[in-house]
Amino acid sequence: MTTSLQTQLIHNAYEPPAGFAAFPTPIHHASTVLFKDVAAMRSGDWKDKNAYTYGLHGTPTTFTLEARLAAIEDGQFCLLAPSGLAAIAMVDFALLKSGDDVLLPDNVYNPNRELGRWLSQDFGVSARYYDPLIGAGIAQLMQPNTRLVWTEAPGSVSMEVPDLPAICAAAHAAGALVALDNTWSAGLALRGFEHGVDIVMQALTKYQSGGSDVLMGAVITRERALNDRLAMAHMRLGMGVSADDAYLVLRGLSSMKLRFEAHDAAARKVAAWLKARPEIARVLHPAFADCPGHAHWKRDFTGAGGLFSVVFDARYSEAQTDRFVDSLALFGIGYSWGGANSLVMPYRMQAMRKAWKDAGILVRFNIGLEDADDLIADLAQGLARL
Ligand SMILES: *Cc1c(COP(=O)(O)O)cnc(C)c1O
């Protein structure tokens, strides 16, 4: 058939060269996915990871990323979301309906708390908050309509490490599912499913990407029926991720474990240095005895991330600690973590947490991949300006 140039510009003869092999996963851009014939279109199930039905439901690029993420957590199924927060929303909308109850730790990632507030204000779901160190005591909070218990290990600002097996046992005894926000350890230092959780959520924005340049989330499970409930919410909410972003996360995975170990080593070195300083009242790093829930970290974790917090001595005002933060040359002031650049962020804990007792200012650090001694020298000059 002879066609016009306009048609030829669209219908070109490109095919990937046979016999070509390379390490990177190919980036498949697709909204429309083509079916061989009508019968193939009619028989394809969008939930089946071997059938390609529409770009939003997945391509070889996103299916490859999902499979690799599930393997890291020792899970079976994975769904990708356009951000970590979107992954949290997918879990809530899949599992909660009007009349249901959800429990969230009091130290939960703040936008997750905000989502809980929205669900209880406008969607007829009750969202209640529990002491992250409640452990087995959560049994007393379980109600017949409690469907879901969120956990975060550790809380990403105040760093309490929960007793996951105890919370999971109590939740399961009451018929509720447990979701774990496992972002801090990237699935490398805490095996969520082994400790009893039903759903692992990851903000791939952090260590999996490692580049401070991608937003993405994942929800990982072990049971098909649970995955299918989540997949319905994923589909109904129209959650998809771009092929280029999926590629960037795939690219980050190869080096993730080595990066994570480097973040861990440097963070412990910097935290130990800060702990010895008279300006610092407490170091909230799960591997340090000062940290609430440290015993749970010791029992359940095989490593630590680069994120920790310190509480300044109460004699320093917020204006002084702000001056410290502003004076740091190697620490960017910004949210998130998991990239090569160190970050710092002060928090107003009294406003965030009713039960917060420390009078001193809390400052959170993300230790990047810079030389730890350079970071320490920078912190030393900053402390001198207090
Ligand atoms: C960053 C983060 C999220 C959300 O991820 P985004 O991709 O930024 O939406 C959720 N939970 C924790 C613990 C996080 O650190």
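Residues numbered from 1 in each chain as written. Predicted model: local features only at pLDDT ≥ 70, side-chain atom pairs only at ≥ 80, totals over all residues. Heavy atoms only, no water.

1. Structural notes on the side chain of Thr61
Summarising the element assignment, Thr61 is placed in helix 3 (residues 60-73). Excluding residues that lie within four positions of it along the chain, Thr61 makes contacts with Thr25, Pro26, Ile27, His28, Ala243, Ala246, Tyr247 and Leu250. (Helix = DSSP H or I, 4+ residues; strand = E, 2+ residues; numbered from the N terminus. Contact = heavy atoms within 4.5 Å.)

2. Quick word on the UniProt feature "modified residue: N6-(pyridoxal phosphate)lysine" (unreviewed entry) in the protein chain
Within the UniProt annotation, "modified residue: N6-(pyridoxal phosphate)lysine" (unreviewed entry) is assigned to Lys206. Tracing the backbone through its elements, the reader meets Lys206 in the loop between strand 6 (199-203) and strand 7 (217-221). Since its relative accessible area comes to 7%, Lys206 is described here as buried. With sequence-adjacent residues up to four places away left out, Lys206 is seen in contact with Thr183, Ser336, Trp337 and Gly338. (UniProt positions renumbered as here; feature names shortened; annotations may be inferred. Buried < 20%, exposed > 50% of the residue type's maximum accessible area, 1.4 Å probe, protein only.)

3. Considering the pairing of strand 11 (residues 343-347)
Most of strand 11 is tucked away: four of the five residues are buried. In terms of strand pairing, strand 10 (residues 332-333) meets strand 11 through two bridges, oriented parallel. Paired with Gly332 across the two strands is Leu343, which belongs to strand 11. Where strand 11 meets strand 12 (residues 362-366), five bridges bridge the pair, whose relative direction is antiparallel. Bridge pairing links Tyr347 to Leu362 in strand 12. (Pairing = 2+ DSSP bridges.)

4. Thoughts on the packing of helix 4 (residues 84-95) against helix 5 (residues 110-122)
Contact geometry of helix 4 with helix 5 gives a least axis separation of 10 Å together with a crossing angle of 35°. Considering how the two elements wind past one another, helix 4 and helix 5 form a crossing that is right-handed. Across from Leu85, Ile88, Ala89, Asp92 and Phe93 in helix 4, the residues of helix 5 making contact are Pro111, Asn112, Leu115, Trp118 and Leu119. Along the lines of polarity and charge, the residues of the contact of helix 4 with helix 5 split into eight nonpolar, one polar and one charged. (Axes fitted to C-alpha atoms, helices over the stretch in contact; angles between N-to-C directions. Left-handed = near helix turned anticlockwise from the far one by under 90°. Nonpolar A, V, L, I, M, F, W, Y, C, P; charged D, E, K, R; others polar.)

5. Quick look at the site of the ligand
Close to the ligand lie 14 residues; Gly84, Asp181, Thr205, Lys206 and Trp337 are nearest. In the model, an oxygen atom of the ligand is placed 2.9 Å from a nitrogen or oxygen of the Leu85 main chain. Take Lys206: an N or O atom from its side chain is 2.5 Å from an oxygen atom of the ligand. Compared with its free state, where it exposes 370 Å², the ligand has 91% of that area covered by protein. Elements with a contribution of two residues or more to the shell around the ligand: helix 4 and strand 6. (Near = heavy atom within 4 Å. Polar contact = N/O pair within 3.5 Å; in protein donor to acceptor, adjacent residues only side chain to side chain. Areas by Shrake-Rupley, 256 points an atom, 1.4 Å probe, with all protein chains shown as cover.)

6. Description of unusual backbone geometry
Cis rather than trans, the peptide bond between Ala153 and Pro154 has omega equal to -10°. Turning to its location among the elements, Pro154 is positioned in the loop between strand 4 (146-152) and helix 6 (164-173). Of note, Met159 is a non-glycine position whose phi angle comes to about 70°, a positive value. Note that Met159 resides in the loop between strand 4 and helix 6.

7. Some remarks on the state of the cysteines
What the rule picks out here adds up to zero disulfides. Unpaired in this structure, Cys168 has its nearest cysteine sulfur neighbour in Cys291, at a distance of 19 Å. (Disulfide = S-S within 2.5 Å.)

8. Some points on the sheet that holds strand 7
The seven strands lie next to each other as 1-7-6-5-4-2-3, forming an open sheet whose pairing is mixed. This sheet does not close on itself; its edge strands, each paired only once, are strand 1 (77-81) and strand 3 (126-130). Averaged over all pairs of adjacent strands, the angle between strand axes in this sheet comes to 20°, irrespective of strand direction. Together, strand 2 (101-105), strand 3 and strand 4 form the strand contacts of helix 5, whose direction differs from that of strand 3 by roughly 145°.

9. Focus: the environment of Tyr347
Among the structural elements, Tyr347 can be located in strand 11. On a C-alpha basis, the gap between Tyr347 and Met201 in space is 24 Å, while along the polypeptide they are 146 residues apart. Excluding residues within four positions of it along the chain, Tyr347 makes contact with Val157, Tyr335, Met352, Leu362 and Arg364.

10. Overview of the pattern of salt bridges
Following the criterion strictly, the structure yields 22 salt bridges and no others. Across the pair Asp101 and Arg128 runs a salt bridge, and its minimum N-O distance is 2.7 Å. One end of the pair, Asp101, is in strand 2; the other, Arg128, is in strand 3, with 27 residues separating them in the sequence. With relative accessibility at 0%, the residue Asp101 sits in the buried group. Through salt bridges with shared partners, one network takes in Asp74, Arg191, Glu194 and Arg222. (Salt bridge = Lys/Arg side-chain N within 4 Å of Asp/Glu carboxyl O.)

11. Digging into the domain arrangement of the protein chain
Where interface size is given, it is often the accessible area lost as the parts come together that is meant. Along its sequence, the protein chain is organised into domain 1 (38-250) and domain 2 (256-383). The straight-line distance from the C-alpha centre of domain 1 to that of domain 2 is 26 Å. Domain 1 puts 33 residues into the contact, and the matching count from domain 2 is 35 residues. Summed over both sides, the interface of domain 1 with domain 2 buries roughly 2900 Å², with 64% coming from carbon and sulfur. Considering only the side of domain 1, the residues that lose the most area to domain 2 are Val157, Trp184 and Tyr207, jointly responsible for 28% of the buried surface there. (Domains from an automatic or database assignment. Buried area = accessible area lost by both parts, 1.4 Å probe.)

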